[in-house]
Amino acid sequence: MTSIVAEQGPAADPQPTAGSGAKRRARSILALVVNGREREDVVPDGMLLLDYLREVVGLTGTKQGCDGGECGACTVLVDDQPRLSCSTLAVQMQGRRVETVEGLTHGGRMSPLQQAFHESLGAQCGFCTPGMITAAEALLRRNPDPSREEIKEAMGGNLCRCTGYVKIIESVRNAAAARKVRS
Ligand code: FES
Ligand code: FES
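In this text, all values refer to a predicted model and were calculated from it rather than measured experimentally.

Peer 1: Mind showing me how you'd approach the overall build of the protein here?
Peer 2: From N to C terminus, the protein includes five helices and five strands. The 183 residues of the protein split such that 42% are buried. Taking the intrachain contacts of the protein between residues at least 6 apart in sequence as the baseline, contacts between residues at least 24 apart amount to 66%.

Peer 1: So what exactly am I meant to see when it comes to the environment of R97 here?
Peer 2: Within the fold, R97 resides in strand β5 (residues 97–99). A count of 16 C-beta atoms within 10 Å places R97 in the partly exposed class. Sequence separation between R97 and L32 is 65 residues; the distance between their C-alpha atoms is 6.2 Å.

Peer 1: Got a minute to help me understand helix α3 (residues 129–142) in this structure?
Peer 2: Since there are 3.6 residues in each turn of an α-helix, residues three or four apart along the chain are aligned in direction. Taking 1.5 Å as the rise per residue, α3 with 14 residues should run 20 Å; its terminal C-alpha atoms sit 20 Å apart, in good agreement. Counted residue by residue, α3 has 11 buried out of 14 residues, so it is predominantly covered. Summarising the contacts, the buried residues of α3 are in contact with β3 (75–78), β4 (81–84), α2 (112–119), α4 (148–154) and α5 (166–182).

Peer 1: Would you mind showing me how to read unusual backbone geometry here?
Peer 2: With the exception of glycine, most residues fall at negative phi, and the peptide bonds are largely trans. Phi is positive for N35, which is not a glycine, with a value near 50°. Along the chain, N35 falls in the loop between β1 (27–34) and β2 (37–44). With phi around 60°, L121 is a residue other than glycine that occupies positive phi space. By secondary structure assignment, the location of L121 is in the loop between α2 and α3.

Peer 1: Please explain the pairing of β2 as it appears in this structure.
Peer 2: In summary, the side chains of a regular strand alternate between the two faces of the sheet. The pairing of β1 with β2 spans eight bridges and is antiparallel. By the bridge assignment, R27 is partnered in β2 with P44. In this structure, the hairpin formed by β1 and β2 is closed by a connection of two residues, where N35 is found at a positive phi of approximately 50°.

Peer 1: Sorry if this is basic, but what is going on with the environment of I168 here?
Peer 2: Within the secondary structure, I168 sits in helix α5. Expressed as a C-alpha distance, the spacing of I168 and K152, which sit 16 residues apart in the sequence, is 9.7 Å. The contact partners of I168, leaving out residues within four places of it in the chain, are G122, M132, C160 and T163.

Peer 1: What is the right way to read the packing of α2 against α5 from this model?
Peer 2: A pair of packed helices is captured by two measures, namely the crossing angle of their axes and the spacing between those axes. Relative to each other, α2 and α5 sit at 140°, their axes nearing to 8 Å. Comparing the axis directions of α2 and α5 gives the class oblique. The hand of the α2/α5 crossing is right-handed. Touching P112, L113, A116 and F117 of α2 are S171, N174, A175, A178, R179 and R182, all from α5. Here the contact of α2 with α5 is built from residues that sort into six nonpolar, two polar and two charged.

About the thresholds
Residues numbered from 1 in each chain as written. Chains lettered and ligands numbered in written order. Predicted model: local features only at pLDDT ≥ 70, side-chain atom pairs only at ≥ 80, totals over all residues. Helix = DSSP H or I, 4+ residues; strand = E, 2+ residues; numbered from the N terminus. Buried ≥ 20, exposed ≤ 12 C-beta atoms within 10 Å, placed from the backbone. Contact = placed C-beta atoms within 7 Å. Expected span 1.5 Å × (residues − 1). Pairing = 2+ DSSP bridges. Axes fitted to C-alpha atoms, helices over the stretch in contact; angles between N-to-C directions. Parallel < 35°, antiparallel > 145°, perpendicular 65-115°, else oblique. Left-handed = near helix turned anticlockwise from the far one by under 90°. Nonpolar A, V, L, I, M, F, W, Y, C, P; charged D, E, K, R; others polar.

Everything listed is a geometric property; what it means functionally is a separate question.
Here it is as structure tokens:
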């Protein structure tokens, strides 16, 4: 897969060494906010945030696309910043605010960004799309009117095998325009 550009994407956390199936005896009580709802769960200290979201919380929108840190499909928002959930331990989210693609809907309907990906053909097979949308959401929150180059830079760590990226960039530009109209 080629990248939208060969630049940085969502932050990876270098600390975890456990794989998705890793099991440790130590467990912790994790208190956090997921998609606006407070939660407390007992989780293994070695559990990845990706596995916590999918297996404990039941939010399967966040995808695993690689062996770790290379594709961006697992991107979620942590306190408004994009983060690779495959490279982050769940226990590191203590007291943090986590958002997944499911949490970006507006009252059960697609957000303007999700709608733009749908209408502008920014998604084909859709596997990369949750990560693309969360990375784009982080960008639009800090920069409501990004240029094509700024979109490429912000989403450089998100890989897509299908679209060739032109439609993805168009989707983000169209979403920015739609958000401007609504604000
Ligand atoms: S699954 Fe996290 S970067 Fe690929
Ligand atoms: S990998 Fe298929 S739409 Fe991106």
